[in-house]
Protein chains: 2
Amino acid sequence: MRSPCLPDSLSADDLARIEQLVARRRRVLREDVLYRMGDRGGTLYAIRLGHFKSLQADRRGGQHLTGFQMAGELLGMDALGTGLHGSTAVALEDSEVCEIPYARLLELMPRMPGLLAHFHQMLGREILREQAVMIFLGNMRADQRLASFLLDLGERYAMRGYSARSFLLRMSRDDIAGYLGLTLECISRQLARFRRNGWIRLDKRAIELTDRDALLALAAGLQPALPIDSDSARAHAA
Amino acid sequence: MRSPCLPDSLSADDLARIEQLVARRRRVLREDVLYRMGDRGGTLYAIRLGHFKSLQADRRGGQHLTGFQMAGELLGMDALGTGLHGSTAVALEDSEVCEIPYARLLELMPRMPGLLAHFHQMLGREILREQAVMIFLGNMRADQRLASFLLDLGERYAMRGYSARSFLLRMSRDDIAGYLGLTLECISRQLARFRRNGWIRLDKRAIELTDRDALLALAAGLQPALPIDSDSARAHAA
DNA sequence: CGGGTGCTTGACTCGCGTCAACCAGGGTGG
DNA sequence: CCACCCTGGTTGACGCGAGTCAAGCACCCG
């Protein structure tokens, strides 16, 4: 049986070797810090179970959320450059990770070119993901950002075998706002708007994307700003 | 004499080996495309001379600028994940690059652990840089973004032995706007504001940061929004 | 000289941040 | 068990920053 920590593309032989270098598993409780900005790096964390958020301190006390990670994804790569972590990782719920010392990974690399390539792919994907975020932070409106975000979450759940339509938001509205570069109130309003328009159904943190096409169109900027602005629609009705 | 393509931390022996794998140098003229989004990747480009911008197509025709690269920096890493380039690189002026086939780099890795580490450091730095951009796209005002941008450019020039105070903006206002997630007009206005406040001197694309401390304070968010808003100050004077 | 490109400046609009009140659920302690 | 508070979320009113539209300017090139 394959460890969820590791790539599918490796041989059984490779796998055995790798199991050794997974020094240990570690449980992380909700709100606990996996590593903190400025900590010495050198360990990669494969998430076995649970969800994390990673955040970065703004120079003026503020905090910005740079990403959400779920089971099957990798954490800790931000320390490769300087040796120090550039962000803080916090568990959104009780979670479990595999600790993989980078040094041991390097030792194994020569004998396992497949591993190296896979590792680079994960790094490359991370760079791509961040570029995608930069795009919506750079030039999308609040509703487009939120739609993109919800669709992205759904896709990632789908990749892991869950539903892309219906899932639980593991993070607070405030976290979402931080990630999307918006405010908590704005998120709340946009969610309400989506609900009124019938794009989504929402109960607390449980969400169902009832009209993914509409969300896709919105995210892609096809909608003429506000399809029929439901706010003004309400005003007219009144 | 050391090649500007490659890390300083390598032995002379390593260097000789590496010179072989730099398949060829390539000249790229102004406005020419080094690689295009969707192109097959697999080659890394070390910039020997000149400046580049990299941009990504928004799903709806729009374009977002994801970075500026100068001599001594690396391009093409965004293809590591999927094998295809996720962005387009365009020369801002006549430039020259070293083409480094990724496959050859992989071959050499086992014999040169230093090279691998260095390579990972560049990847890690790229991830960090993008996170920094996400921060200012996410929660800084236009003036703060611009101040950060100018200071960052200066620092990068300083690292390469040029002045951090006085340099040439190689890109158009429109490019800057694209990168900072703002509009061309907004950049122009903010530059004018900086100039009126005496933070900078500006002549066409030549810029001098005459008061870096003020810019730093602004970027850090220490300024109470607008110190004494020079616009209204002008209005009072009139 | 004309025309084009890159930049500046102004007037107006509007999306989103800010401030603030209010509401719902959940945990605690009397 | 109910009263209480406290946290997380919703909703409203208002103002500001930045986008948009548009006119005008400086420079370069043919």
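Because the structure is predicted, anything quoted here is derived from the model rather than measured. (Residues numbered from 1 in each chain as written. Chains lettered and ligands numbered in written order. Predicted model: local features only at pLDDT ≥ 70, side-chain atom pairs only at ≥ 80, totals over all residues. Heavy atoms only, no water.)

Caption draft 1: Local environment of the protein's contact with DNA strand C. Taken together, the neighbourhood of DNA strand C is formed by 17 residues, with A:Ala142, A:Thr183, A:Arg189, B:Ser188 and B:Arg189 sitting nearest. Protein-adjacent atoms of DNA strand C, using a 4 Å cutoff, are sugar or phosphate at a proportion of 62%. The backbone of A:Ala142 places a nitrogen or oxygen atom 2.7 Å from a phosphate oxygen of DNA strand C. Between DNA strand C and A:Arg189, the relevant distance is 3.0 Å, taken from a base oxygen to a side-chain nitrogen or oxygen of the residue. Of all elements in the fold, only α6 (184-197) of chain A together with α6 (184-197) of chain B reach the threshold of two or more residues within the surface near DNA strand C. Across the surface near DNA strand C, the residue classes break down as five nonpolar, four polar and eight charged. (Near = heavy atom within 4 Å. Polar contact = N/O pair within 3.5 Å; in protein donor to acceptor, adjacent residues only side chain to side chain. Helix = DSSP H or I, 4+ residues; strand = E, 2+ residues; numbered from the N terminus. Nonpolar A, V, L, I, M, F, W, Y, C, P; charged D, E, K, R; others polar.)

Caption draft 2: Structural context of the relation of the copies chain A and chain B. Its rotation angle being 180°, the transformation that places chain A on chain B also includes 0.1 Å of axial translation and leaves an RMSD of 0.0 Å. On this basis, the relationship between the two copies can be described by a two-fold rotation axis. Every residue of chain A has its C-alpha some distance from the rotation axis, and the shortest such distance is that of A:Pro110, at 2.4 Å. A share of 100% of interface residues in chain A that are also interface residues in chain B marks the association as one of identical surfaces. (Least-squares fit on C-alpha atoms with pLDDT ≥ 70 in both. Contact = heavy atoms within 4.5 Å.)

Caption draft 3: Structural detail: the protein's contact with DNA strand D. Neighbouring DNA strand D are 17 residues; A:Ser188, A:Arg189, B:Ala142, B:Thr183 and B:Arg189 lie closest to it. At 2.9 Å from a base nitrogen of DNA strand D is found a side-chain nitrogen or oxygen belonging to A:Arg189. B:Arg189 is positioned such that a nitrogen or oxygen atom in its side chain is 2.9 Å from a base oxygen of DNA strand D. Secondary-structure elements contributing two or more residues to the surface near DNA strand D are α6 of chain A together with α6 of chain B. A total of five residues in the surface near DNA strand D trace back to one element, the largest contributor, which is α6(A).

Caption draft 4: Molecular detail of unusual backbone geometry. All names here are of chain A. A positive phi angle, near 75°, is found at Glu-31, a position not held by glycine. Secondary-structure assignment places Glu-31 in the loop between β1 (24-28) and β2 (33-35). If you check the backbone angles, Lys-204 has positive phi at about 55° while not being a glycine. Relative to the elements of secondary structure, Lys-204 occurs in the loop between β10 (200-203) and β11 (206-209).

Caption draft 5: Layout of empty space enclosed by the protein. Residues and elements named next belong to chain A. Counted by the stated rule, this structure contains one cavity of 30 Å³ or more. Taken as a whole, the largest cavity spans an internal volume of roughly 40 Å³. Lining the largest cavity, in full, are His-51, Phe-68, Gln-69, Met-70, Leu-153, Arg-156, Tyr-157, Arg-170 and Met-171. Elements with a minimum of two residues in the lining of the largest cavity: β5 (63-70) and α4 (142-159). Residue classes in the lining of the largest cavity are distributed as five nonpolar, two polar and two charged. Taken domain by domain, the lining of the largest cavity gets at least three of its residues from each of domain 1 (12-112) and domain 2 (140-225). (1 Å grid on protein atoms, 1.4 Å probe; cavity = no way out; pocket = protein on both sides within 12 Å on 5 of 7 lines; lining within 4 Å. Points joined across faces, edges and corners; volume = space filled by probe spheres on them. Domains from an automatic or database assignment.)

Caption draft 6: Representation of the sheet that holds strand β3 (residues 43-49) of chain B. Reading across from one edge, β1-β8-β3-β6 (chain B) is the order of the four strands in this open sheet, with antiparallel pairing throughout. Each of the sheet's edge strands pairs with one partner strand only, and the pair in question is β1 (24-28) and β6 (74-75) of chain B. (Pairing = 2+ DSSP bridges.)

Caption draft 7: Summary view of the interface of chain A and chain B. Listed by partner, the interface residues are 43 residues for chain A and 43 residues for chain B. A combined buried area of about 4000 Å² lies between chain A and chain B, and 63% of that area is made up of carbon and sulfur atoms. The largest share of the area that chain A buries against chain B comes from A:His120, A:Ile127 and A:Met134, three residues that together contribute 16% of it. Along the contact surface separating chain A from chain B lie zero salt bridges. Scanning the region where chain A abuts chain B turns up six residue pairs in polar contact (both at pLDDT 80 or more). Those elements that place two or more of their residues in the side of chain A that touches chain B are β4 (51-57), β5, α2 (102-108) and α3 (113-139) of chain A. Per-element accounting of the side of chain A that touches chain B gives the leading share, 19 residues, to α3(A). (Buried area = accessible area lost by both parts, 1.4 Å probe. Salt bridge = Lys/Arg side-chain N within 4 Å of Asp/Glu carboxyl O.)

Caption draft 8: Quick peek at the pattern of salt bridges. This model, assessed by the stated rule, comprises 26 salt bridges over all chains. Its salt-bridge partner being A:Arg160, residue A:Glu73 comes within 3.3 Å of it at the nearest N-O pair. Residue A:Glu73 is located in the loop between β5 and β6 (74-75), and its partner A:Arg160 is located in the loop between α4 and β9 (166-168); the two are separated by 87 residues in the primary sequence. Overall, the relative accessible area of 32% leaves A:Arg160 in the partly exposed class. In this structure, B:Arg201 and B:Glu208 form a salt bridge, with 3.4 Å as the shortest nitrogen-oxygen distance. (Buried < 20%, exposed > 50% of the residue type's maximum accessible area, 1.4 Å probe, protein only.)

Caption draft 9: Region of the structure containing the nonpolar core. Core analysis: the largest hydrophobic core is formed by 70 residues, its most contacted members being A:Phe149 and B:Phe149. In contact with B:Phe149, not counting residues within four places along its chain, are B:Phe68, B:Met171, B:Ile176, B:Tyr179 and B:Leu180. Within the second largest apolar cluster, 36 residues are counted, among which are A:Met122, A:Ile127, B:Leu105 and B:Met109. (Core = buried A, V, L, I, M, F, W, Y, C linked by side-chain atoms within 4.5 Å.)

Caption draft 10: Up close: the environment of A:Gln190. Residue and element names in this part refer to chain A. One can find Gln-190 in helix α6. Spatially, the C-alpha atoms of Gln-190 and Ala-147 are 9.3 Å apart, while their sequence positions differ by 43 residues. Each residue touching Gln-190, except ones within four places of it in the same chain, is listed here: Ala-142, Asp-143 and Leu-146.

As far as function goes, none of this settles anything; it's purely spatial.
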